[in-house]
Structure formats: C-alpha cells, structure tokens
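# A structural walkthrough
The primary structure of each chain is shown beneath.
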Amino acid sequence: MFKIDTPGTCSTGGTPCTITELIDTTGDGLGNILDLPREVALDSAGNVYVSAQFSGNVFRIATPTGCSTGGTPCSITEIIDQSGDGLGNTFLGGWGVTTDASGNVYATAVSTASVFRIDTPGSCATGGTPCTITEIIDSTGDGAGNTLAFPSQITMDSSGNVYVTGRTSANAFRIESPATCGTIADPCLICEIIDATGDGAGNPLNTPTGIGVDAANNVYVSGRTSSNAFRITGDVDIDDDGVCSGNDNCETLFNPDQDDNDGDGDGNACDPDDDDDGILDDGDGSGTIGDAPCTGGQVVGCDDNCQFVSNPGQSDGDGNGVGTACESTCFFVIGPQAGTDFPTIAAALPSAEDGCRLLVKPGTYTDSLVIDKYLRITAEGSPADTFIDVAGGPSAILLSDRAIPGRTEIRGFTIRGDTIAVDSLESITLEDCIVEGFSQTGIRLDLGEHRLTDVTLDASGADVGIELPQFASADVERLLASGAGTTALEVAGEVTLLTTMVVDNLGTGIDLTATGSLTMSYVTIAGNGVGLDAASSTVAVDHSIIYDNTTDVLGVACTAFEFSDLGIDCTGQPGNISTDPLFVDAGTGDYHLLVSSPAVEAGEAPELFTGVPCRDFDGRRRLLDADGDGTANSDMGAYEFDNAPALLPGDPQNLIMTDQTTLDWDDEAASVVYQINRGNLATLGYDYVVECLGTSVSSTFQVTDLPPVNDGYFYTVSGKDMGGEEGTLGFGTCAERSKIFDPCP
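Below, the structure is looked at part by part. (Residues numbered from 1 in each chain as written. Predicted model: local features only at pLDDT ≥ 70, side-chain atom pairs only at ≥ 80, totals over all residues. Heavy atoms only, no water.)

## Notes on the overall build of the protein
Here is the rule: Strands here are runs of E lasting at least two residues and helices are runs of H or I lasting at least four, both read from the DSSP assignment and numbered beginning at the N terminus. Exposure classes here rest on a 1.4 Å probe applied to the protein chains alone. A residue is buried below 20% of its type maximum, exposed above 50%, and partly exposed in between. We call two residues in contact when some of their heavy atoms are within 4.5 Å. Here the Shrake-Rupley method, with its probe set to 1.4 Å, supplies the accessible areas, and only the displayed protein chains count as covering residues. Within this scheme the basic residues Lys and Arg register as positive and the acidic residues Asp and Glu register as negative, but His and the chain ends are omitted. Charged groups are reduced to one reference atom each: NZ for lysine, CZ for arginine, CG for aspartic acid, CD for glutamic acid.
When you go through the protein residue by residue, the secondary structure sums to 1 helix and 50 strands. Expressed as lengths along the three principal axes of its C-alpha atoms, the size of the protein is roughly 110 × 70 × 60 Å. Within the protein, buried positions represent 49% of all 745 residues. Taking contacts inside the protein between residues at least 6 apart in sequence as the whole, the part at least 24 apart equals 41%. When the accessible surface of the protein is totalled, it reaches about 31,300 Å², and 51% of it is carbon and sulfur. Here the protein holds 27 positive side-chain charges and 114 negative ones, and the gap between their average locations is 2 Å.

Here it is as structure tokens:
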C-alpha cells in the first residue's frame, strides 16, 4: 500500500509525485502478513486501515507521516485476524473497511458473510491487548429471509448507520447505529434496502459492488453485471418501532410487537377493527380506544367493548363496559378476612385465568406477584389502606411477556418493592396507585403499550422513577414524580404526558435518549437538577412550565415548544414566555399558580381547545375564566387557576326547556337579574358567539321564536349581582363556557 503526497501538482508524466510504501507483505513484522489487500479507510485522526482477503485480517497504520517500508518503519498493528470475535464468528476473506466518528472500525468478511465492528483500536492488537470485536451482521441478513452472501463494499452515513452490499445475494442492507449492538447480545436493526429486482420497474440489480451515501442519507448502489446504478431514498423504519418497513404490518404506527389479532395482515395498531366484527375499536372517534365502550345494545358511536373477540351484538350483561364475549366469569375476593376466596393475591394467581377479576380487601400483602395472565386487580379500599409491600424481594409486581394481546389492570394500591416496584414486560394499566419504597427503579415499562393514570411516584432515595426502554410506549395522565436521585423519567421509548408534575428530583426530571419520543401537554417540571434533557429531536411540548430547575432545558430546540413558560428564551415561538411563573410556594412543593402569574390565561384561545385534557391535576375543569373577562383561556402547567373566589355571581344551574318556548333554571343566590343569550348550534364550542335575547328577574324566560327548519339554537343564562357584576355562562364538559357577545341593552 502506498501513500502519494498531495498529488494535485504532480503526475507520472510530469513532476514526479512523492510516493511512499507504508506496508508490504510482511504486515506488522510480527508474523501477521498482508496478502491481497482490498480496501483502505482513514479515521478523523489520520490513522489508516487496510483489509486483506487472503490473509484474513485488517491492519492499522498509525498517522503515517515520515515513515515507510524502506526507512523509518510505520507503526503497524493487526487489529483483527481470522479468529474474528473469538466467539466462533470467524473473519475469512477481509474486504471492505470503513470508520465512524468515534474511531470504531467496520470490516466485511466475504468468505464468512459477516461484518465486524472493532472498537477504537488505538491501543489494542491481536498480539497484545485484544480489541473488542463484535459481529453486527451475518449470513442470515435481516432475519426475515433476506440473506447476506459475499459482503464486499461498506460505507456509513452521518447518523452512524452502516450500509453493506451482498455481491452474490444481489442486495444491500442497512444496519442501524451498530455502535452498541451485535448478533449475539443485542441484535441490530437490519433492513434490506434493495434486492435483485432493482427498482421494480424491469431494471434489475446484479452483482452489487460499490455503495455510497450522501449528506441527506440517500444511498447509491452500483450493479457490476447489470451495468447500472440505483439511488435509494426513504425511511427504512418509518414508525421507529424496530421493524423494517417492508416487514412491518403497520408501517406508520409504533407497534414493535406486531400483534395482528385477526390475522388480516394489518397490525392491531392500525387495524380499526381488530376482531373483524363490524364494531370499530374507536367507534366514537375520540382517538382513545376503550374510553366510550358500547353498552345497552348500542353498536354505533361507541368503542368495541371486546376489542379482540368478535361480538357484533356488543352484549354486556352486567353493564360494566366489558363485553360478555370476552369477560371472564372468574371473580375472586382476596383478603385475610373470613368468607374470602383466597387470603393473599399470590395465592389466587394459580387459579386465575385471563380476564379474571380480583377484588382485594384492605390490608398488607407481602408476596412478590409474578403475573403471566391478563388480570384486573382492584383494591376495595384506597392506596392508604391497601398495600403490596415486598420489602425483601426484587420486585413487588412482575408482569411476564405474553404472545396473546391483552392488558393487566392494577388499581388502588400502595406498591413497595425492594429493587423495582413494578417491572412490566407486557402492557399494563396502573391507576390510582402510590409507588414508593424502592431502591433502584419505581416502574419499569417494557415491550408494551402502557397507561398510567393518577399515580404518585415517590422515588426518595432511589435512582430512577420510571424507566421506559426502546420499543415501549406509555400514555401518562396526572402523574406526580418526585425524589429521584438520578432521573424521574428515563425515556428511550415513546411517551405522552398530560397534566403531570415532575418536581423536586435531585437529578434530571425527564431524560430522553436518542431513540425516545416525548409529547407533553399541561405539565409542570420544576425544582429538579435538570428539567428536560433530550438527545432526541422527537419532542413536542405545549401549555407546560419548565422553570425553577437548576438547569431547565438541555438539547431541545425552541421549535419544540408552544404556549409554554420556559427557563430558556423561546419567546420567538407561538405563545411561549420566559418569566417566573409565580408558584404559590415552590419551597414547600406547592406549584399552584398565584393569581398574578403570567402563566394564568396564557394558553391558546378557547376555540382551539379540544377538550383534552379535560381536568387539571386537582380535578378542576381545564378551562376556567380566571380574570372574568368572558374568555376562558387555559393556563400553563399542571394546575388551572381556581377562579371560584373571584367570580360572582355563580353559575345558574339546571337550565332546561320545559316546552318548546319556555326556559327554566334554578335561582342563583347572588343574582338579581339574569341575561339570556342564544347562538346557532353550528357554532357551539369552547368559544362561541351568542346574541342577547333579553333579561329576566325570575328564573324563567319565554322564547318568542323557534329555529328555522333543519336548524337549531342553544341557550345560555348568566346572572348579575346588585353591583352589575356578571358571572360566566356555565360549564361545558371540560370547560367554563366563554362568552363573546355584546351585553344586553
């Protein structure tokens, strides 16, 4: 192998170039020879790497300046030989070689159909301290039937993904971020990006040799015997669920488990009717499956009450929202009292079957629960008097992985574990629970789609509050996470946070890794070491407060935030402010807002409110008109300011029409006169326009006209006190109705 110095001004036919032989057949001079060298690569420090086919090895030539085979010898080290990784994966027929930004080397072996990573080989060698060598792909290719044969050329993109051509298998593969994965321990995500069919339009790919990648991560592959070249664009894993898009049964939605209940080829995650019974899983169109189950014979406008079992009639004999077709008759009462079915939860588990309901009497249960079924375990009392307390065991609750889709539900407990309190390898609903008394991790949610609602997580003295590994997802609402020494929420998967408090943690509030995804609305992050630290660009935050942390935000661009109060200046983005939110008393953990807080009424206009989330952390309606100006903008953070003391008179209650033209309502004590308003039903929303119909000193009003045919009116009534102060227009499902109108004359 030769080095040719700055050949821009020299040539063989003119001024001769300065040419130096750096390595010859003697290799490193220690008996490791170089025979049939194939490819050359350089790292950012100027070290040179050369692969050899017949000798089955790769050499490192350290910064070859001023050295040669005929003068001062270069520093040459053999970093891999035919023994490969030393675990039985041999390196025969060295060919392609490349390096990444961290100085790791990647080399292909054509005879053993594999690619190896050699970690930072600056201080290791086959004849000294062995290098750390990992096989990242072998002849099985992507494991989905697309094999790799005679891997020759290799390259890498700016994100650290490796691309390799299979010359005799007529294809190319992408190996995602292989700096931390391998064929033995943690398999890499491997996707075939082109095969012998080429572009699928009659232009085949034969004997692919060269491969390259541009700054936009478009890949280029040449076909030697098909005499052509191809450009390959697009995302190999659109939904980032670890399944190649060509093999993913739901390409656009995260579904690493690939569940397909009805076997129709559409994964459950994107199949609107998982049991093919004609009743949609999300029949009410709310975006949340199961929030409005069909009952009383209803089959339209409601969610399938038995998502994975065909039940077109939606029979629900006990009216509990769970269809008879999938409701187990198994029901056990648990407790040490006389007349119960089992004295402990653990004693009931062998007799329970999928779907069984366990009603647990108040008390303390000290057995570790290993659950391999889908159960509904509910405390009869409250977390204050019903405990799963496993002080001496590794986990209080361990859910094992299952092949059949389903979800275990646990409600109403205080849960204490020694190392991990809740360790779930399958989907779980955790509701109205306190998790505390653990030393390592409070809740670990892996390999499933999880839901946490009304959970208090006290991580005092522990490392991590909640851990969400890659390929797991969680919907979290009204969580209080505090006290973590390292991280309150450690997210490598996909999490949605609503109306949540991440406060008073010694370490980081939310730590989002490169594979993580965070969507966050109405969240307060305060009093932590670091508020939000994100290595991922998949962050969307609105109506939240990240303030009063030692460091508020790391690694997140301002474009990720809207209508939020931040300790960094993102005021150039819609609705953001950067000023003290004026908590009531952050020193004692009271993160309610003072009436003078700039975060009060600082949210979007009411007409943009979707009704989600419906309630704040205290259970108040999300939209309240704090300043009494008639427009109920939302507040930032987990708490909506309580406007009740400031707004008088109160809201007239029980407005009804006793006939087609008569309005009637209950008297409101502070009101001496009522204003009656009307609007068209087509405009009804959280911000609407009404017209004044008149006033009344009594709690009744006569309407003089009816709506036109095929049209409709709605009516509102507000009260005025003796001073002329007017109350609001009453409450909707999730909000105080705003009023946009001119007052009555």
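## Describing the packing of aromatic side chains
So the rule is basically this: Two rings belonging to Phe, Tyr or Trp (six-membered ring only in the last case) form a pair when the distance between their centres is within 6.5 Å. Interplanar angles under 30 degrees mark stacking, angles over 60 mark edge-to-face geometry, and anything in between is tilted. A positively charged side chain is recorded as over a ring if its NZ (Lys) or CZ (Arg) lies within 6 Å of the ring centre. The angle to the ring normal must also be within 35 degrees.
By the definition in use, this model includes 6 aromatic pairs. Directly above the aromatic system of tyrosine 713 lies the positively charged group of arginine 678, at a separation of 4.0 Å from the ring centroid.

## Some details on a nonpolar patch on the surface
To be explicit about the condition: For patches, a residue must show more than 30% relative accessible area and have no salt bridge; joins then use 9 Å for like charges and 5 Å for nonpolar side chains, namely Val, Leu, Ile, Met, Phe, Trp and Tyr. Basic side-chain nitrogens of Lys or Arg form a salt bridge, by our definition, when they fall within 4 Å of a carboxyl oxygen of Asp or Glu.
A cluster of nonpolar residues, Phe2, Ile4 and Ile19, forms a patch on the protein surface that exposes about 330 Å² of accessible area. Residue placement: phenylalanine 2 occurs in strand β1 (residues 2-4). Here phenylalanine 2 falls in the exposed class, since its relative accessible area comes to 54%.

## Brief notes about the sheet that holds strand β47 (residues 673-680)
The following threshold applies: Note on pairing: DSSP must find at least two bridges between two strands before they are called paired. Fitted lines through C-alpha atoms give the axes, limited to the stretch in contact for helices. The angle between two N-to-C directions lies from 0 to 180 degrees.
One open sheet accounts for 3 strands, arranged β48-β47-β50; its pairing is antiparallel. One side of each edge strand has no neighbouring strand; the edge strands of this open sheet are β48 (691-696) and β50 (713-720). Averaged over neighbouring strand pairs, the angle between their axes works out to 25 degrees when direction is ignored. Two elements, β47 and β50, share 8 bridges in a ladder whose sense is antiparallel. Across the sheet, residue isoleucine 676 finds its bridge partner in β50, namely valine 717.

## Here's the deal with the sheet that holds strand β49 (residues 700-702)
Ordered by their spatial adjacency, 3 strands build an open sheet running β45-β46-β49, and the pairing between neighbours is antiparallel. Sheet topology places β45 (656-657) and β49 at the edges, where each strand pairs with a single neighbour. Direction of pairing for β45 relative to strand β46 (residues 662-664): antiparallel, over a ladder of 2 bridges. Paired with isoleucine 656 across the bridge in β46 is aspartate 664.

## A word on the state of the cysteines
We count it as follows: Two cysteine sulfur atoms form a disulfide, by the criterion used here, when they sit within 2.5 Å.
Inspection of every chain in the model, using the stated rule, returns 9 disulfides. In this model, cysteine 67 is linked to cysteine 74 through a disulfide, with the two sulfur atoms separated by 2.1 Å. Given an S-S torsion of about 90 degrees, the disulfide between cysteine 67 and cysteine 74 has right-handed geometry. Grouping residues by exposure puts cysteine 67 and cysteine 74 together as buried.

## Some remarks on the nonpolar core
Which entries qualify depends on this criterion: We define a nonpolar core as any set of buried Ala, Val, Leu, Ile, Met, Phe, Trp, Tyr and Cys residues linked to one another through side-chain atoms lying within 4.5 Å.
The biggest cluster of nonpolar side chains holds 70 residues, and the ones touching the most others in it are Ile397, Phe413, Leu430, Ile443, Leu489 and Phe561. Apart from the residues lying within four places of it in its own chain, the contact partners of leucine 489 are Ile466, Leu479, Ala481, Leu497, Val502, Gly509, Ile510 and Asp511. Counting 17 residues, the second largest nonpolar core, distinct from the first, contains Ile545, Ala626, Tyr639 and Phe641.

## Re the pairing of strand β30 (residues 449-458)
In the sheet, strand β28 (residues 428-436) pairs with β30 via 6 bridges, with the strands oriented parallel. Following the sheet pairing, glutamate 431 is matched in β30 by threonine 453. The sheet contact formed by β30 and strand β32 (residues 473-482) spans 9 bridges and is parallel. Bridge pairing in β32 links histidine 450 to alanine 474.

## Details of the environment of serine 718
One can find serine 718 in strand β50. Residue class for serine 718 comes out buried when judged on its relative accessible area of 0%. On a C-alpha basis, the gap between serine 718 and glutamine 653 in space is 9.9 Å, while along the polypeptide they are 65 residues apart.

## Thoughts on a negative patch on the surface
On the surface, Asp235, Asp240, Glu449, Asp475 and Glu494 cluster together into a negatively charged patch. For aspartate 235, the location among the structural elements is in the loop between β17 (228-232) and β18 (331-334).

## A few points about the side chain of serine 521
Here serine 521 shows up in strand β36 (residues 517-526). Among the residues examined, serine 521 registers a relative accessible area of 11% and is labelled buried. Apart from residues no more than four positions distant in its own chain, serine 521 is found in contact with Leu497, Leu498, Thr499, Asp542 and Ser544.

## Observations regarding the pattern of salt bridges
Inspection of the entire model under this criterion finds 18 salt bridges. Notably, a salt bridge pairs aspartate 119 with arginine 117, separated by 2.7 Å at the nearest N-O pair. Assessed through its relative accessible area of 21%, aspartate 119 is described here as partly exposed. A salt bridge links aspartate 616 to arginine 620, with the nearest nitrogen and oxygen atoms 3.3 Å apart.

## As for unusual backbone geometry
At threonine 120, a position not held by glycine, the phi torsion is positive, near 25 degrees. Along the chain, the position of threonine 120 falls in the loop between β9 (114-118) and β10 (133-137). Given a relative accessible area of 45%, threonine 120 falls into the partly exposed group. Although it is not a glycine, aspartate 432 sits at a positive phi angle of roughly 50 degrees. Counting through the fold element by element, aspartate 432 comes out in strand β28.

## Considerations on the pairing of β17
Strand direction decides the pairing type here: strand β16 (residues 219-223) and β17, joined by 5 bridges, are antiparallel. In the sheet register, valine 219 faces β17, and the bridge partner there is isoleucine 232. Between β16 and β17, which follow one another and run antiparallel, lie 4 residues, and serine 227 among them has a positive phi close to 50 degrees.

## Quick notes on the side chain of histidine 543
On the secondary structure map, histidine 543 appears in the loop between β38 (539-542) and β39 (545-546). Since its relative accessible area comes to 3%, histidine 543 is described here as buried.

## Notes on the environment of glycine 234
Here glycine 234 lies in the loop between β17 and β18. Considered as a pair, glycine 234 and serine 368 are 134 residues apart in the sequence and their alpha carbons are 47 Å apart.

## Here we look at the environment of asparagine 677
Applied cut-off: Nitrogen and oxygen atoms within 3.5 Å of one another constitute a polar contact, given that in protein one can donate a hydrogen and the other can accept it, and given that sequence-neighbouring residues count only through two side-chain atoms.
Examined against the element boundaries, asparagine 677 turns out to sit in strand β47. Engagement of the side chain of asparagine 677 in a polar contact is seen with the side chain of glutamine 675, the distance being 3.0 Å.

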